[in-house]
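Chain by chain, the residues run as shown.
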Amino acid sequence: MIRAVGGRALRFVLTLAATSVLVFAFMRVLPGDPAEVALGTGASEEALERTRAEFGLDRPLAVQYWDWISGIPLGDFGVSFVTGEDISPVVLDRLSVSLILVVSAMVVAVAVAVPLGSWAAVRHRRADGIAVSALSQVGVAVPNFLAGMLLVAAFALGLGWLPANSWMPPAYDPVQFLSHLVLPVAALAAVQAAVMTRYVRTSVLEIMGQDWMRTARAKGLSRFRALVRHGLRNAALPVLTVTGIQLTTLVVGAVVIEQVFVIPGIGSELIEAVAARDLLTVQSVVMLLAMATLTVNFVVDLLYLILDPRTAVRT
Amino acid sequence: MTAAETREAGTGADGPLVRVSGLRVDSGPTPLVHPLDLTIGAGERVGLIGESGSGKSLTALSLIGLLPDELDHGGSIALRGASDDLLAAPERELCGLRGRRVSMVFQEPMTALNPLMHVGRQVGEVLTQHRTLTGRRAVRARVLELLESVHLSDPERVLKAYPHQLSGGQRQRVMIAMAFANDPDLLICDEPTTALDVTVQRQVLDLVDEAVRSRGTSLLFVSHDLAVVAEACDRVLVMQDGRVVESGPVPSVLTAPQHPYTARLLRASRLEPASGRSARSTDGGTPGPSAAAPDTHDATPGGPAHGPASDPVVRVRDLHRTYRSGRRTVHALRGVDLEVHGGERLGIVGESGSGKTTLLKILSGLDRPTSGAASVCGVDVTRPTRRALRPLREGLQTVFQDPMGSLDPRMSVREIVEEPLIGRRDTRTRKHRHELVAESLRAVGLEPEAAERHPHQFSGGQRQRISIARSLVTDPDVLIADEPVSALDVSVRAQVLALLNRLVEERGLTLVMVSHDLGVVRHLCDRIVVMRDGRVVESGPADRVYDDPEDGYTRALHEATPSLDRVLARKRGQGR
């Protein structure tokens, strides 16, 4: 078990390192000189030289890479070439907003999808089960932003119950924070719940046909009890994998939703940084997103080890 | 009063334990079980014999109220002491009966236990579910006792083990412990030993027998294997296509069958040496015309058509194969020597873990040995290069065990059979290939039109024919058959064995067949090699090894194999 965890941790760290090299290299290969961006196209070669030296761009690439990467564990992403400010406070603040959005959306999606998907599986031959299944199919086909706009049209513009856009930090006004959170989270979660419901349904349907579920029934467990005590944990395994993958797509979804609801998250930060050709900020945000994805996968791996006693043996 | 006491008191007084009247199971408009009557007395052991699709498992499932939802059913099932008809009883009442008064042991022990739950908890659950026992300590103690009662050697370890840490035999013991936890009135066993090795099957059969007899439990034992049923039961019902065609006491039904189907089953399950193989025997049987004295054959195991001088087609010398599985080192082969001459039929017998599959893999160039020499058709298969393997791929073909899993469901039969020909120079034209496919299909008794269909449209036996057609299409010299009939029903098994026998004879093939079943191997092969733990423990002419085994393990294997004749002889002895 310890060996299995150690192996996965090592793999996680190595992948992180490889990713960081890729992100760094990719940013350097792209055309565009940060010094020129900072000074404008009319600047003299001399001034450009000076600015490059100031930014440290004249040093060897390996040194630049080390300079950047060694700061990340300490939460230091360096200074923006464009604004001349520390990148970390801005990016981390934006990230926290996106995290709130993504995590709440996932929690809501799972909380809806597990019971709904199980219900659809148990009653897959009845009208209500088929209805849930069909509805989730429709949900999968709806893009996030459309769900967002429909929700705004209905609950903000139509009924006027909730604010249509913008953001309120939780420390500032908790009630306002929640009311601003509801619509974007609902937009993200609705589509996500539809996708997850389908996976949960498939998974539960599959385990209901397993021999050991029949054994449980033969012991005298009712259908419901067999499902709760034996089925769900088994059904959770494939759902867990999908949840990991979906979390990643949710981050992408959040970038779009942040635009729809004018929320200052990491997605809008990325778009602004790209527009401003702020190389180091883009690099840092991309790295942060990659780290988030890898961390999710690592956690899923660990959860697998805990949930499934067979995985520790297999690898 | 305990269940056992109730049973004692009530024996005979108020009729049978179970009375099934007019049980009917339909899938939509298709009847699966035609109206069926069945009674099981207290302490009686009833067998249900049938092939796949006969409705025997559905009948068994309806007795514990676990018929699949999508099936319609009718009739009634009365269980003594239960107020309602089991088929109409509310789910709540059925839950109270299952696992308490009626228990079931299923066929596939590998999948019958929840993979994510400790075995001890799974056994304990049947106690807590019915509130037979409460309190963790008491349950734990009782579970240990139960695990011990099924002769599991280290109950403490089993208690905390996950199913994947136990062997198939151990898992089936756990299932039996679970079934007996609440001392049920009726135990239903659905093919409980079909997935097990011969010696493990013997242990499990003995265990069921012991448990049932000592507690006076009634038994419904479902199996396709006549010998197994004969051993476990007093009375037997034979089912065919959803109907009971014959029933009665075991000795009379299985010695003087009244129904032609029963007679056919009996014939099919008695495997005498096939006509094609050279009949050699040491116990005064009629030797074939071409057979030499057994002694010379022991020394020089050559086929009848080949003198001792002919080079062996398969030659294996001191073959070792060792691999690592996690932290364990597995010695799959520990020095195997083997020779098969052209036209000879060699049978390799062994249980799981004996190394027989590894040996076959090496022979067909799919695995490499750790050390030793092996050549097939003159090709060195220990360090095969792609080029060197080419003649081997044509000269040697394999028929696999599971006709359901070894054919790609998305390919048509033509694509499947044709595949070994693709890329060969001499079969470039499509027309030529189609001719070969048609010829091959005809050879295995299928219409050439079958080529346009897909595997799922065929029965198990037909699929095995397709598999054989695929292996014949390149016109190989050596045919390797890995448990070719162990997934088939007895009557289908007889047909496929007859087909193999005819093809080997007509085409002068060299046959290497692997099986766990001594009888099947003796039926088809000239010579038998018995393997255990990666070694050859005995080898010799088929009849000699079968009738007069020298090695202790071969003898144990032989004795463990249920034999109809032996069982019937014993039952007759008891009867008088």
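Taking an unreviewed UniProt entry as the reference, chain B is identified by name as ABC transporter ATP-binding protein belonging to Nocardiopsis coralli. Chain B has a UniProt comment under Sequence similarities (unreviewed entry) that states "Belongs to the ABC transporter superfamily." Regarding chain B, the UniProt comment filed under Subcellular location (unreviewed entry) reads as follows: "Cell membrane".

As annotated in an unreviewed UniProt entry, chain A carries the name ABC transporter permease and comes from Nocardiopsis coralli. Looking at chain A in UniProt, the text filed under Subcellular location (unreviewed entry) is "Cell membrane". Under Sequence similarities (unreviewed entry), UniProt gives the following word-for-word description of chain A: "Belongs to the binding-protein-dependent transport system permease family."

Caption draft 1: The overall build of chain B, seen in detail. Assigned secondary structure in chain B consists of 22 helices and 19 strands. Its C-alpha atoms give chain B a radius of gyration of 26 Å, near enough to 25 Å, the size a compact globule of 576 residues would have. Over its C-alpha atoms, taken along the principal directions, chain B stretches across nearly 75 × 50 × 50 Å. Relative to its full complement of 576 residues, chain B shows a buried share of 55%. On chain B, roughly 24800 Å² of surface is accessible, and the fraction owed to carbon and sulfur atoms is 47%. Between the averaged position of the 73 positive side-chain charges in chain B and that of its 75 negative side-chain charges there is a distance of 4 Å.

Caption draft 2: Geometry of the packing of helix H17 (residues 460-472) of chain B against helix H18 (residues 490-507) of chain B. Residue and element names in this part refer to chain B. Interaxial distance between H17 and H18 falls to 10 Å at its minimum, and their mutual angle equals 15°. Our classification of the angle between H17 and H18 gives roughly parallel. Once H17 is placed against H18, the crossing between them reads as right-handed. Contact residues: H17 offers Gly-461, Gln-464, Arg-465, Ile-468 and Leu-472, while H18 offers Val-492, Gln-495, Val-496, Leu-499, Leu-500, Leu-503 and Arg-507. For the contact of H17 with H18, the residue count by class is seven nonpolar, three polar and two charged.

Caption draft 3: View of the domain arrangement of chain A. Residue and element names in this part refer to chain A. Under the domain assignment used here, chain A contains domain 1 (1-87 + 278-315) and domain 2 (95-277). The partner domain 2 presents 17 residues to the 20 residues of domain 1 that form the contact. Together domain 1 and domain 2 conceal approximately 1700 Å² of surface at their shared face, both sides included; 76% is due to carbon and sulfur atoms. The largest share of the area that domain 1 buries against domain 2 comes from Leu-289, Tyr-304 and Leu-307, three residues that together contribute 29% of it. The interface formed by domain 1 and domain 2 holds zero salt bridges in total. Our count for the domain 1 to domain 2 interface comes out at six residue pairs in polar contact (both at pLDDT 80 or more). Broken down by element, the residue count for the side of domain 1 that touches domain 2 peaks at 14 residues, all from helix H12 (residues 279-307). Taken together, the residues that form the side of domain 1 that touches domain 2 break down as 14 nonpolar, three polar and three charged.

Caption draft 4: Spatial organisation of the sheet that holds strand E16 (residues 478-482) of chain B. Residue and element names in this part refer to chain B. The six strands lie next to each other as E15-E16-E17-E12-E18-E19, forming an open sheet whose pairing is mixed. Strands at the two margins of the open sheet, each flanked by one partner only, are strand E15 (396-399) and strand E19 (535-541). Sheet twist, expressed as the average angle between the axes of neighbouring strands with direction ignored, equals 15°.

Caption draft 5: Main features of the UniProt feature "domain: ABC transmembrane type-1" (unreviewed entry) in chain A. The UniProt record annotates "domain: ABC transmembrane type-1" (unreviewed entry) at residues 95-304 of chain A. From the first C-alpha to the last, residues 95-304 of chain A spans 27 Å; its make-up is 83% helix and 0% strand.

Caption draft 6: Representation of the environment of Thr30(B) within the structure. All names here are of chain B. Here Thr-30 lies in strand E2 (residues 30-40). In this structure Thr-30 comes out as partly exposed when scored by relative accessible area, which is 43%. Along the backbone, Thr-30 and Asp-72 are 42 residues apart, and their C-alpha atoms lie at a distance of 10.0 Å.

Caption draft 7: Geometry of the pattern of salt bridges. All names here are of chain B. Scanning all chains against the criterion turns up 40 salt bridges over all chains. Two residues, Glu-145 and Arg-142, come together in a salt bridge whose shortest N-O distance is 3.0 Å. Placement of the pair is Glu-145 and Arg-142 together in helix H5 (residues 136-149), with a separation of three residues, close to one helical turn. Looking at Glu-145, the relative accessible area reads 48%, which means it is partly exposed. Look at the salt bridges and you will find they share partners, linking Arg-45, Asp-209, Arg-213 and Asp-234 into a network.

Caption draft 8: Highlighting the packing of aromatic side chains. Under the criterion given, the structure shown has four aromatic pairs over all chains. Between Tyr65(A) and Trp68(A) the ring centres are 6.2 Å apart and the planes differ by 55°, which places this aromatic pair in the tilted class. Of this pair, Tyr65(A) and Trp68(A) both sit in helix H4 (residues 61-71), separated by three residues, roughly a single helical turn. Like Tyr65(A), the residue Trp68(A) is buried in the burial classification. Grouped by ring-pair contacts, the aromatic residues Phe24(A), Tyr65(A) and Trp68(A) constitute a single cluster. Directly above the aromatic system of Tyr546(B) lies the positively charged group of Arg522(B), at a separation of 4.0 Å from the ring centroid.

Caption draft 9: Just the pairing of E15(B), in detail. Residue and element names in this part refer to chain B. Because side chains alternate across E15, one face comprises the buried residues Leu-396 and Thr-398, and the other comprises Gln-397 and Val-399, equally buried. In terms of strand pairing, E15 meets E16 through four bridges, oriented parallel. Along E16, the bridge assignment pairs Thr-398 with Ile-480.

Caption draft 10: A look at the confidence of the model for chain A. Averaged over all residues, the pLDDT of chain A equals 85, while 99% of them reach at least 70. Summarising per-element confidence for chain A, the mean pLDDT is lowest in helix H13 (residues 311-314) of chain A (60) and highest in helix H9 (residues 211-218) of chain A (93).

Caption draft 11: Up close: the interface of chain B and chain A. Chain B puts 30 residues into the contact, and the matching count from chain A is 24 residues. Interface area, chain B with chain A, both sides summed: about 2500 Å², of which 52% is carbon and sulfur. Contact with chain A buries surface across chain B, with Leu116(B), Glu125(B) and Gln129(B) losing the most and accounting together for 25% of the total. Viewed at the interface, chain A and chain B are joined by five salt bridges.

Caption draft 12: Spatial organisation of helix H14 (residues 386-395) of chain B. Residue and element names in this part refer to chain B. Where H14 is concerned, the buried positions are Leu-389, Leu-392 and Gly-395. Along the axis of H14, the buried positions cluster into a sector of 115°, meaning they face one direction only. What points out from H14, more than 90 degrees from its buried face, is the exposed set Arg-386, Arg-387 and Arg-390. Tucked inside the fold, the buried residues of H14 contact helix H13 (356-363), strand E13 (371-376), strand E14 (379-380), E15 and E16.

Caption draft 13: Structural view of the UniProt feature "domain: ABC transporter" (unreviewed entry) in chain B. UniProt records the feature "domain: ABC transporter" (unreviewed entry) for residues 18-266 and 314-558 of chain B in the present numbering. Along residues 18-266 of chain B one finds 39% helix and 25% strand; the C-alpha atoms at either end are 28 Å apart.

Caption draft 14: Geometry of unusual backbone geometry. The phi dihedral of Val262(A) is positive, around 50°, even though this residue is not glycine. Structurally, Val262(A) can be placed in the loop between helix H10 (223-260) and helix H11 (266-275). With phi around 55°, Asp475(B) is a residue other than glycine that occupies positive phi space. One can find Asp475(B) in the loop between H17 and E16. The exposure class assigned to Asp475(B) is exposed, which follows from its relative accessible area of 52%.

Cut-off values and rules
- Residues numbered from 1 in each chain as written.
- Chains lettered and ligands numbered in written order.
- Predicted model: local features only at pLDDT ≥ 70, side-chain atom pairs only at ≥ 80, totals over all residues.
- Heavy atoms only, no water.
- UniProt positions renumbered as here; feature names shortened; annotations may be inferred.
- Helix = DSSP H or I, 4+ residues; strand = E, 2+ residues; numbered from the N terminus.
- Rg over C-alpha atoms; globule rule 2.2 N^0.38 Å.
- Buried < 20%, exposed > 50% of the residue type's maximum accessible area, 1.4 Å probe, protein only.
- Areas by Shrake-Rupley, 256 points an atom, 1.4 Å probe, with all protein chains shown as cover.
- Lys, Arg positive; Asp, Glu negative; His and termini not counted.
- Charge placed at Lys NZ, Arg CZ, Asp CG, Glu CD.
- Axes fitted to C-alpha atoms, helices over the stretch in contact; angles between N-to-C directions.
- Parallel < 35°, antiparallel > 145°, perpendicular 65-115°, else oblique.
- Left-handed = near helix turned anticlockwise from the far one by under 90°.
- Contact = heavy atoms within 4.5 Å.
- Nonpolar A, V, L, I, M, F, W, Y, C, P; charged D, E, K, R; others polar.
- Domains from an automatic or database assignment.
- Buried area = accessible area lost by both parts, 1.4 Å probe.
- Salt bridge = Lys/Arg side-chain N within 4 Å of Asp/Glu carboxyl O.
- Polar contact = N/O pair within 3.5 Å; in protein donor to acceptor, adjacent residues only side chain to side chain.
- Pairing = 2+ DSSP bridges.
- Phe/Tyr/Trp six-rings, centres within 6.5 Å; stacked < 30°, edge-to-face > 60°.
- Lys NZ or Arg CZ within 6 Å of the ring centre and 35° of its normal.
- pLDDT = per-residue confidence, 0-100.
- Arc of directions from axis to C-beta.

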